[in-house]
2 protein chains.
Amino acid sequence: MKLYDGGRAPNPRRVRVFLVEKGIEVPLVPVDMAGMEHRGEPMTSRNPLQRLPVLELDDGIILTETVAICRYFEELHPEPALFGRGALDRAMVEMWQRRIEQNLFFGVAQAFRHIHPAMKEWEVPQIPAWGEANKPKVLEFLAILDRELADREFAAGDDYSIADITGLCALDFMKPARIQVPPELTNVLRWHEALSSRPSASA
Amino acid sequence: MKLYDGGRAPNPRRVRVFLVEKGIEVPLVPVDMAGMEHRGEPMTSRNPLQRLPVLELDDGIILTETVAICRYFEELHPEPALFGRGALDRAMVEMWQRRIEQNLFFGVAQAFRHIHPAMKEWEVPQIPAWGEANKPKVLEFLAILDRELADREFAAGDDYSIADITGLCALDFMKPARIQVPPELTNVLRWHEALSSRPSASA
């Protein structure tokens, strides 16, 4: 198999961090996102949604969507479990993965894509008012997350999971999106520091 | 356990359709979303994100997020499998669930929330330009989905899955969002018809 990778973009990074945490090596094929290679051929034939990452299996089957690719590797290599163990824990990981994804990761991405001048050709039409509207929503969610993290080490409980990977990539993406974690959210800052100090963070 | 339900809103409906397909009965507690009951107490204590549905277990543990609640029931009652069977099939269901959710379900929801006058107090600030920007993206995705559905009966393959439930609820939500499936997308229309004719569609 091979993984078509998108360099610094946050979704390809989520899969790379996941693979390092799992201890799985997959050959990476770099795709030049800045040069819009993912929107031309042959990438569009591989993923008509023109997004990365894309996993191609040895028999040519294509798998896209960050979390679907991660789940495939979780099924093949269950240890260490990054989607939880047992019914309730798996549901909790799914809940926090989705909460962080929808309220933090997507919000930061919308702010970046709809405000940053470099995104003008990527996000058509670019609607700065929508980008700005996401910033207070991101901060509101971070305040909720900060209260949750007062009682536990990781996003979904005592164990590191895919919810933390989504959190790490979202928090790091706040820099180009020009949103800052307020200094009073000490639990979020401690969590970010802990995630950033793992070897997987450099993936 | 009990499920705090939000009536006609599309996310609560996704869980109700899922439960009917599974043959699981869970006591429903209606929450008056029109009266903003989900944004007051005690619902905010149950879900600080102030969204529905919310599942409360007998020991008081709270589970939120539509897909997390569905996955919990899938773990407890594996048959019929609505998240796929085996590594690759589960990944494919996850891929299509997410593709349909992000490109159709969320797009339709954004168009509804940012344009419909009744949503003015719900979506602050309401940004009609953003609502309108979602409409062509929804139609673009439906055209891609139509080509995919030429070869298979359901969204993720030959078996009905949670990806179809997300699709059904999104397609039905297009009516209040005032977006129409173009008549040339015959595969999407056939799929919508098939999903609508199942007993679960009335949930």
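Since we're looking at a predicted model, the values are computed, not measured. (Residues numbered from 1 in each chain as written. Chains lettered and ligands numbered in written order. Predicted model: local features only at pLDDT ≥ 70, side-chain atom pairs only at ≥ 80, totals over all residues. Heavy atoms only, no water.)

What follows is about the pairing of strand β1 (residues 2-5) of chain B. Residue and element names in this part refer to chain B. Sheet analysis places β1 next to strand β3 (residues 54-56), joined by 3 bridges and oriented antiparallel. Each residue of the ladder has a partner; that of Tyr4, found in β3, is Val54. Bridge analysis of β1 against strand β2 (residues 28-30) gives 3 bridges, and the strand direction is parallel. Note on β2: the bridge partner recorded for Leu3 is Leu28. One crossover worth recording links β1 to the parallel β2 by way of helix α1 (residues 10-22), and it is right-handed. (Pairing = 2+ DSSP bridges. Helix = DSSP H or I, 4+ residues; strand = E, 2+ residues; numbered from the N terminus. Right-handed = clockwise from strand over helix to strand, strands pointing away.)

Take the domain arrangement of chain A next. Residue and element names in this part refer to chain A. Domain boundaries assigned for chain A yield domain 1 (2-76) and domain 2 (87-202). Counting from both sides, the interface comprises 16 residues of domain 1 and, opposite them, 18 residues of domain 2. Considering only the surface of domain 1 that becomes buried against domain 2, Arg13, Arg14 and Glu21 emerge as the three largest contributors, covering 40% of it. Among the salt bridges present, the one from Asp172 reaches Arg13, with a minimum N-O distance of 2.8 Å. At the junction of domain 1 with domain 2, the criterion picks out 9 residue pairs in polar contact (both at pLDDT 80 or more). Elements with a minimum of two residues in the side of domain 1 that touches domain 2: α1 (10-22) and α3 (66-76). By residue class, the composition of the side of domain 1 that touches domain 2 is 9 nonpolar, 2 polar and 5 charged. (Domains from an automatic or database assignment. Contact = heavy atoms within 4.5 Å. Buried area = accessible area lost by both parts, 1.4 Å probe. Salt bridge = Lys/Arg side-chain N within 4 Å of Asp/Glu carboxyl O. Polar contact = N/O pair within 3.5 Å; in protein donor to acceptor, adjacent residues only side chain to side chain. Nonpolar A, V, L, I, M, F, W, Y, C, P; charged D, E, K, R; others polar.)

Turning our attention to the UniProt feature "domain: GST C-terminal" (unreviewed entry) in chain A. UniProt's entry tags residues 86-203 of chain A with the feature "domain: GST C-terminal" (unreviewed entry), counted in the numbering of this structure. Here residues 86-203 of chain A runs as 63% helix and 0% strand, with 28 Å between its end C-alpha atoms. (UniProt positions renumbered as here; feature names shortened; annotations may be inferred.)

Okay, unusual backbone geometry next. In this model, A:Leu52 is joined to A:Pro53 through a cis peptide bond whose omega is 5°. Each neighbour pair has its own omega, and for B:Val124 with B:Pro125 the value is -5°, a cis peptide bond. Along the chain, B:Pro125 falls in the loop between α4 (87-115) and α5 (128-149). One non-glycine residue, A:Met36, adopts positive backbone phi at about 65°. Relative to the helices and strands, A:Met36 resides in the loop between β2 (28-30) and α2 (43-46). Its relative accessible area of 23% is what places A:Met36 among the partly exposed residues. Backbone geometry at A:Glu65 places phi at a positive 80°, although glycine is not the residue there. Locating A:Glu65 in the fold gives a position in the loop between β4 (62-64) and α3. Of the residues examined, A:Glu65 reaches a relative accessible area of 13% and is grouped as buried. (Buried < 20%, exposed > 50% of the residue type's maximum accessible area, 1.4 Å probe, protein only.)

All names here are of chain B. If you trace the backbone, Asp146 turns up in helix α5. Lacking a salt bridge, the buried Asp146 has Arg190 as its closest oppositely charged neighbour, with an N-O distance of 7.3 Å. A polar side-chain atom of Asp146 sits 3.4 Å from the main-chain amide nitrogen of Thr186. With near-sequence residues (within four places) excluded, Asp146 lies in contact with Glu184, Leu185, Thr186, Asn187 and Val188. (Lys, Arg positive; Asp, Glu negative; His and termini not counted.)

Mapped onto this numbering, the UniProt entry gives "domain: GST N-terminal" (unreviewed entry) at residues 1-81 of chain A. With 35% helix and 16% strand, residues 1-81 of chain A has end C-alpha atoms that lie 22 Å from one another.

Between chain A and chain B, which share one sequence, the superposing operator has a rotation angle of 180° and an axial displacement of 0.0 Å; the RMSD is 0.0 Å. Overall, the copies show the geometry of a two-fold rotation axis. For chain A, the minimum C-alpha distance to the rotation axis belongs to A:Trp130 and amounts to 3.3 Å. Interface residue correspondence from chain A to chain B reaches 100%, placing this contact among same-surface, isologous pairings. (Least-squares fit on C-alpha atoms with pLDDT ≥ 70 in both.)

The subject of this paragraph is the environment of B:Pro27. Assignment of secondary structure puts B:Pro27 in the loop between α1 and β2. Each C-alpha atom of the pair B:Pro27 and B:Asp164 lies 24 Å from the other, and the pair is 137 residues apart in sequence.

Time to look at the sheet that holds β4(A). Residue and element names in this part refer to chain A. With respect to topology, 4 strands assemble into an open sheet ordered β2-β1-β3-β4, the strand pairing being mixed. Each end of this open sheet is capped by a strand with a single partner; those strands are β2 and β4. Each strand of the sheet is rotated relative to its neighbour by a mean of 25°, with strand direction disregarded. On the sheet, α3 packs against β1 (2-5), β3 (54-56) and β4 and is oriented at approximately 120° with respect to β4. (Axes fitted to C-alpha atoms, helices over the stretch in contact; angles between N-to-C directions.)

Another point: the packing of helix α4 (residues 87-115) of chain A against helix α5 (residues 128-149) of chain A. All names here are of chain A. Their axes nearest at 8 Å, the elements α4 and α5 cross at an angle of 150°. It follows that α4 is roughly antiparallel to α5 by the angle criterion. The chirality of how α4 crosses α5 is left-handed. Contact residues: Trp96, Arg99, Ile100, Asn103, Leu104, Gly107, Val108, Gln110, Ala111, His114 and Ile115 in α4; Pro128, Trp130, Gly131, Glu132, Asn134, Lys135, Lys137, Val138, Phe141, Leu142, Leu145 and Glu148 in α5. (Parallel < 35°, antiparallel > 145°, perpendicular 65-115°, else oblique. Left-handed = near helix turned anticlockwise from the far one by under 90°.)

Turning our eyes to something else, we now look at the interface of chain A and chain B. The interface is formed by 44 residues belonging to chain A together with 44 residues belonging to chain B. Considering only the surface of chain A that becomes buried against chain B, A:Arg98, A:Arg99 and A:Trp130 emerge as the three largest contributors, covering 16% of it. The tally of links between chain A and chain B comes to 14 residue pairs in polar contact (both at pLDDT 80 or more). In terms of residue count, the dominant contributor to the side of chain A that touches chain B is α4(A) (16 residues). Residue composition of the side of chain A that touches chain B, by class: 24 nonpolar, 7 polar and 13 charged.

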